[in-house]
Amino acid sequence: MSARLRVGVPAALFGLPPATSVGRIWSRAVNLLDARGDMSVVEVGERRRFRATPRVDVWLTDGHQGPLDVPQPVVAHLHEASWDDPALRPLFEPAFLDHYEGPSAKAAAAAARIITVSESSREQITRAYGVPAEHVLVAHNGLDHSIYNPAATGGAELVADRGSVAGLPYVLFVSVVHPRKNLSALRDALTGLAKRGLPHALVLVAGPAADR
């Protein structure tokens, strides 16, 4: 019989703004983890409460919020370190860098392992923080198949209702509008499709960036 791993999740993750992408991601993640077994929320630093909770074997946290002051190993999730790229750094607002850059670097240095979302982000993190490549694991973003699936209907009608031609094929962009998302490259690509005689429209499902 294998031993059960007790995962600690800092209570601060539940206080992230639900209107932000980070808040939505962690709210979904911890709920899914809780559905797979018993999970206790532990307030880091509150020793009295910590003693009253089950023993923690490993911690899971958002590394962009900074390191955890705990004796057990920590697995930190870091979405990126793109601000370390000289070509991308000017695209970030100074306040954004002040908020995320330092805490992310400290979390990367303290973590036993790091989880990130792509090979590109893995390269950023190893280069920016000098972390051994084998300590950075890629776990690609998932999706809710009850919402996103090829059999879903209504998308074409919704696009047409927003001003496109009914039945016209389209390329969908879902993100915040930010210079580093390189929307201009996508627009150029669509121009190339048009020059080849393809009728595809560009549909944006987008919101404002947090630092804009």
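Since the structure is predicted, the reported quantities are computational estimates derived from the model, not experimental observations.

Asks: Help me out: how do you make sense of the overall build of the protein in this one?
Replies: Scanning the protein from N- to C-terminus turns up 6 helices and 8 strands. Along the protein, helices (α) and strands (β) appear in the sequence β-α-β-α-β-β-α-β-α-β-α-β-α-β when read from the amino end. Across the protein, every contact between residues at least 6 apart in sequence was considered, and the portion connecting residues at least 24 apart equals 58%. Looking at the protein as shown, the accessible area adds up to about 13800 Å², and 56% of this sits on carbon and sulfur atoms.

Asks: Which parts of the structure should I look at to understand the packing of aromatic side chains?
Replies: What describes a pair of aromatic rings is the distance from one ring centre to the other and the angle between the planes of the rings. Going through the model one piece at a time under the given rule, you end up with 4 aromatic pairs. Their ring planes at 25° and their centres at 5.4 Å tell us that F92 and F96 sit as a pair that is stacked. Given a relative accessible area of 5%, F92 falls into the buried group. Taken together, W83, F92, F96 and Y100 form an aromatic cluster joined through their ring pairs.

Asks: Please clarify how the pattern of salt bridges should be interpreted in this entry.
Replies: Opposite charge on two side chains lets them pair, provided their charged atoms get close. Applying the stated criterion to the full structure yields 4 salt bridges. The salt bridge involving R122 is made with E119; its shortest N-O contact spans 3.6 Å. In this pair, R122 and E119 are both assigned in helix α4 (residues 119-129), 3 residues apart and thus about one turn of the helix distant. R122 gets classed as partly exposed once you look at its relative accessible area, which sits at 24%. E119 sits in the partly exposed class, given a relative accessible area of 44%.

Asks: Whenever I open this one, the environment of V117 confuses me. Can you help?
Replies: Structurally, V117 can be placed in the loop between β5 (113-116) and α4. Once the C-alpha coordinates of V117 and H140 are considered, the two residues, 23 residues apart in sequence, prove to be 4.6 Å apart. Residues contacting V117, with those up to four places away along its chain left out, are H77, H79, V138, A139, H140 and N141.

Asks: Looking at this structure, I do not really get the nonpolar core. What am I missing?
Replies: Proteins that are soluble and globular tend to have nonpolar side chains buried together. Formed by 14 residues in total, the largest nonpolar core has its most connected members in L78, W83, A108, I114, I125, Y129 and V131. Secondary structure elements with two or more residues in this core: α3 (94-110) and α4. Take this core: its biggest share by element is 3 residues, from α3. Discounting chain neighbours no more than four positions away, the residues touching W83 are H64, R89, F92, F96, L97, Y100, E101, S104 and Y129. Within the second largest apolar cluster, 8 residues are counted, among which are W26, V30, V58 and V75.

Analysis parameters
Residues numbered from 1 in each chain as written. Predicted model: local features only at pLDDT ≥ 70, side-chain atom pairs only at ≥ 80, totals over all residues. Heavy atoms only, no water. Helix = DSSP H or I, 4+ residues; strand = E, 2+ residues; numbered from the N terminus. Contact = heavy atoms within 4.5 Å. Areas by Shrake-Rupley, 256 points an atom, 1.4 Å probe, with all protein chains shown as cover. Phe/Tyr/Trp six-rings, centres within 6.5 Å; stacked < 30°, edge-to-face > 60°. Buried < 20%, exposed > 50% of the residue type's maximum accessible area, 1.4 Å probe, protein only. Salt bridge = Lys/Arg side-chain N within 4 Å of Asp/Glu carboxyl O. Core = buried A, V, L, I, M, F, W, Y, C linked by side-chain atoms within 4.5 Å.

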